[in-house]
Amino acid sequence: TTDLALPGTLRAAILTSPHASARIVRIDTSAALAVPGVRAVLTGADLDIRLGLYLRDKRILARDVVRYQGEAVAAVAADTLDAAREACHLLRVEYQELPAVFDPRDARKPEAPLVHPDLATYDHMRGVFFPKAGTNIAHHQKVRKGDSAAALAASDVCLEVSFDNPPVQHVPMETHAAIAHALPGGRVEVWTSSQSPYTVRHLLALAFGMPHAAIRVHVPHVGGGFGGKAGLGLEPLAYVLSRACGGRPVEIAMTREEEFNTTPSRQGLYSTIRLGATRDGRLTALEAEYVWDAGAYADYGVNVGRAAAYSGAGPYALDHCSIDSYVVYTNKVYGTAYRGFGHLEVLWGVERAMDRMARALGLDPVEFRRRNLLREGATTITGEPFTNGHGKPIECLEAAAEAIGWGRRPSAPSAPHKVRGKGVAMLHKAPAMPTYTSCAAIVKLDEDGAADVLVSGVDYGQGTYTVLRQVAAEELGLPIDKVHITWECDTAMTPYDWQTVASRFAYMGGNAVIEACADCLCQLRAVAAGALGVPADGLVCRDGKVFPRQDPARGIAYKDLALGYTFPNGNSIGGPVIGHGRYIATGLTNLDPETGQGRPAQFWTYGAHAVEIEVDTETGEIEVLRIATALDAGKVLNPLLCRGQVVGGIVQGLGSAVLEGFRFDDKGRLLNPNFVDYKIPTAKDLPREIVPILLENPQPGGPYGARGVAEHPMISVPSAIGNALRDALGIEFESLPLSSERVLEKILVARAPRPDTP
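Residues numbered from 1 in each chain as written. Predicted model: local features only at pLDDT ≥ 70, side-chain atom pairs only at ≥ 80, totals over all residues. Heavy atoms only, no water.

All right, on to the pattern of salt bridges then. One pass over the structure, following the stated rule, counts 41 salt bridges. In this structure, the salt-bridge partner of D156 is R279, at a minimum N-O distance of 3.3 Å. Placement of the pair is D156 in the loop between α4 (148-153) and β10 (157-165) and R279 in the loop between β16 (268-277) and β17 (283-295), with a sequence separation of 123 residues. With relative accessibility at 37%, the residue D156 sits in the partly exposed group. Judged by its relative accessible area of 63%, R279 is exposed. The salt bridge involving R356 is made with E734; its shortest N-O contact spans 2.5 Å. Taken together, the residues span a long stretch of sequence, with R356 in helix α9 (residues 343-361) and E734 in the loop between α15 (717-729) and α16 (740-751) at a distance of 378 residues. In this structure E734 comes out as partly exposed when scored by relative accessible area, which is 24%. A cluster of three or more residues bridged by salt bridges with shared partners is formed by R352, R356, R359, R726, E732, E734 and K746. (Salt bridge = Lys/Arg side-chain N within 4 Å of Asp/Glu carboxyl O. Helix = DSSP H or I, 4+ residues; strand = E, 2+ residues; numbered from the N terminus. Buried < 20%, exposed > 50% of the residue type's maximum accessible area, 1.4 Å probe, protein only.)

Written as structure tokens, this is what we have:
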């Protein structure tokens with residue numbers, strides 16, 4: 001987006017709050033307005049508009065109060081970025097600090113200061129999310145199956161463990177950016193680095209009371225998103241600035257520090273898990289409490305908490321389960337969607353707890369999981385019958401374990417002060433999407449018989465467009481080089497799609513493209529039938545032509561049918577061939593608010609990681625020697641792209657495992673909002689060997705049997721490494737990241753003599 005250059009574009013900058021919780025007493029804009037080149041200065045006092053995807057709790061700019069350090073309180077549009085930044089420095093804001101709360105466990109206490117005292121007045125998606133007025137709880141999701149308390153009391157072995165994950169940044173190569181152009185007649189045109197053009201349009205329409213047709217959203221090439229660009233971001237601010245500047249286009253782009261400190265991150269999580277089992281290794285019950293650190297605003301966080309509840313027991317068969325997932329406001333940068341959508345965080349606790357239970361029972365961790373994984377005839381914790389059509393998690397476990405030589409001792413370490421260990425972890429995830437989620441595709445034939453595919457799903461690195469071209473080529477009987485796809489999404493031109501999130505688009509978009517191609521073929525056969533004088537149902541479409549099944553030599557090329565067919569005497573029939581396809585999630589239900597029973601997911605994807613690591617006991621550094629990742633992809637539509645997603649997901653999961661996490665001081669200030677203090681994996685951190693294993697058990701209803709796999713390789717990478725770390729050192733770890741400092745500290749504590757030891 002920031003590569004675009006619209007004539008007359010102004011540049012914008014923001015001023016952010018230095019306080020985590022404060023009242024805005026006054027803002028003096030006079031010096032800022034006097035800077036040459038400044039066209040507009042806006043504050044929250046100018047904008048009485050609420051925003052929100054599922055719960056409308058946020059302002060474009062902070063109004064009256066700030067709720068986290070880094071929240072935007074004012075914005076300037078100017079001829080140059082330097083002028084805009086200079087004006088921001090000259091803004092004078094008087095604050096009155098207010099009580100703050102930074103730990104979501106404290107924020108649930110009755111005496112905690114309320115981050116949103118007006119929570120009861122906020123609009124939200126009713127029947128799906130349940131904010132608790134007079135508290136800091138933005139959403140409470142329950143799951144109840146059987147009688148977990150009684151089952152735990154009757155269990156031969158019980159354990160209770162707690163874990164935590166810090167907030168984490170998405171770190172896309174391209175920071176958040178948007179350009180808005182307020183047009184005459186109350187219209188607006190927006191260019192944005194986004195995953196969801198139609199969601200941006202819809203939320204802008206709701207916020208400003210505009211008809212949807214008055215808003216046009218373009219999404220050009222996007223430099224990464226990982227969920228952080230799925231909702232509404234900078235677009236409203238760019239629009240109100242453009243409006244304030246008399247309709248000049250305004251561009252705003254986050255600096256890297258603002259990307260960390262102002263835009264949303266992944267939520268932090270505190271987990272408490274109780275497990276019960278029989279002596280022969282059968283799980284009897286699971287109880288869990290998940291307390292999510294939503295930060296200052298709900299955004300996607302409430303849906304993360306919802307999805308984490310119905311996925312919150314892992315891929316295990318349980319007759320008795322009780323889960324409470326709380327999404328809790330704090331005075332920190334707010335949370336949103338992130339690759340894996342809460343499952344990496346939840347399964348960090350679940351999969352570490354499974355290993356602990358296996359040891360308590362004296363069982364091999366792989367064997368313990370094998371005895372308890374979902375299989376045909378079981379039901380999920382939300383009451384959905386499990387069939388082989390869901391996939392085969394046991395096959396994933398066995399394939400990953402075999403790939404690292406599970407059951408054999410680790411090879412000798414590379415130095416005397418280094419030790420090795422192995423670990424496994426399961427994973428699962430379903431698309432966390434509303435029951436009404438839908439998408440559409442258009443396929444049109446060109447004059448030369450080639451095909452154009454139009455969709456509004458955004459390809460920001462996952463390879464979606466390649467796969468959709470493959471699908472269209474297969475269905476139309478064309479070589480892939482004759483199938484083209486429009487890269488830029490444009491709500492005025494490309495058909496509706498909900499959002500490009502949740503590993504859903506190959507499944508849903510693929511089905512829509514198949515239907516659109518079928519529509520094209522139906523039109524081609526109808527016209528060819530009239531031209532050839534044969535019934536349409538006796539015609540075949542292949543290799544770019546339509547011909548009678550029994551007489552291929554009489555074929556007519558697509559190019560002679562694409563715009564209609566003309567007889568030798570000049571008469572014409574047919575017309576331009578344009579196919580429309582659509583797909584909507586089917587059979588889904590909202591979850592019962594008290595029990596969580598229902599069908600929340602269109603499909604599930606299962607997988608497993610198995611890993612061997614080496615730990616330096618003098619430095620605490622972890623090296624991943626080998627990681628095998630097995631995913632039941634249903635049907636692999638493009639092996640190279642799938643393997644790329646596995647490798648990328650593993651490396652991103654490795655960042656969460658050993659490097660990444662926000663750190664705050666006791667005033668709620670983010671201490672590591674840059675690449676100096678916040679590290680992500682580089683090429684030097686890659687595991688020595690990555691083994692992608694793609695299993696194929698077809699998904700009913702999926703295109704050719706495919707199901708989504710893009711998010712899944714990241715999930716449970718920390719769990720597998722944490723389990724391997726316990727195997728190597730005999731030390732338990734409950735907190736992420738497993739940094740060298742944290743590992744070394746535990747090693748030194750374990751070595752230290754006990755107080756009663758001479």
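Bringing the pairing of strand β18 (residues 321-329) into the picture now. In terms of residue burial, β18 counts as a mostly covered element, since nine of its nine residues are buried. A two-sided burial pattern is seen for β18, the buried positions comprising C321, I323, S325, V327 and Y329 on one face and S322, D324, Y326 and V328 on the other. Strand direction decides the pairing type here: β17 and β18, joined by nine bridges, are parallel. Note on β18: the bridge partner recorded for E287 is S322. Taken together, β17, helix α8 (residues 301-310) and β18 constitute a β-α-β crossover, and its handedness is right-handed. (Pairing = 2+ DSSP bridges. Right-handed = clockwise from strand over helix to strand, strands pointing away.)

Attention shifts here to the packing of aromatic side chains. Throughout the structure, instances matching the rule amount to 21 aromatic pairs. Ring centres 6.4 Å apart and planes at 80° place the aromatic pair Y68 and Y297 in the edge-to-face group. Pair noted here: Y68 is in the loop between β6 (65-66) and β7 (72-78) and Y297 is in the loop between β17 and α8, with a separation of 229 residues, a long-range link. Judged by relative accessible area, Y68 falls into the buried class, the value being 1%. With relative accessibility at 1%, the residue Y297 sits in the buried group. Aromatic pair Y300 and F341: ring centres 6.1 Å apart, planes at 90°, arrangement edge-to-face. A residue pair is termed long-range when its members are at least 10 positions apart, and Y300 in the loop between β17 and α8 and F341 in the loop between β19 (335-336) and α9 qualify at 41 residues. For Y300, a relative accessible area of 2% translates into the label buried. (Phe/Tyr/Trp six-rings, centres within 6.5 Å; stacked < 30°, edge-to-face > 60°.)

This part takes up the pairing of β10. Here β10 shows one buried face, formed by V157, L159, V161, F163 and N165, and one open face, formed by C158, E160, S162 and D164. In this sheet, β16 lies alongside β10 in antiparallel orientation, the contact comprising nine bridges. The residue bridging C158 from the neighbouring strand is G276, located in β16.

Relative to the helices and strands, A74 resides in strand β7. Of the residues examined, A74 reaches a relative accessible area of 0% and is grouped as buried. As a C-alpha pair, A74 and D46 span 28 residues in sequence and 9.9 Å in three-dimensional space. A74 has contacts with A13, I14, L15, L42, T43, L61 and L91, leaving out every residue within four places of it along the chain. (Contact = heavy atoms within 4.5 Å.)

With that settled, consider the sheet that holds strand β31 (residues 605-616). In space, the four strands of this open sheet follow the order β20-β31-β32-β33, with mixed pairing throughout. Each edge of the open sheet is held by one strand with a lone partner, namely β20 (418-429) and β33 (689-695). Looking at each pair of strands side by side, their axes are set apart by 10° on average, direction ignored. Bridge analysis of β31 against strand β32 (residues 622-632) gives nine bridges, and the strand direction is antiparallel. The residue of β32 that forms the bridge with E612 is R626. Docked against the sheet, helix α11 (residues 393-403) engages β20, β31, β32 and β33, running at close to 25° with respect to β31. With respect to the sheet, α15 is in contact with β20, β31 and β32, its orientation differing from that of β20 by roughly 150°. (Axes fitted to C-alpha atoms, helices over the stretch in contact; angles between N-to-C directions.)

Function cannot be inferred from these measures alone, as they are strictly geometric.
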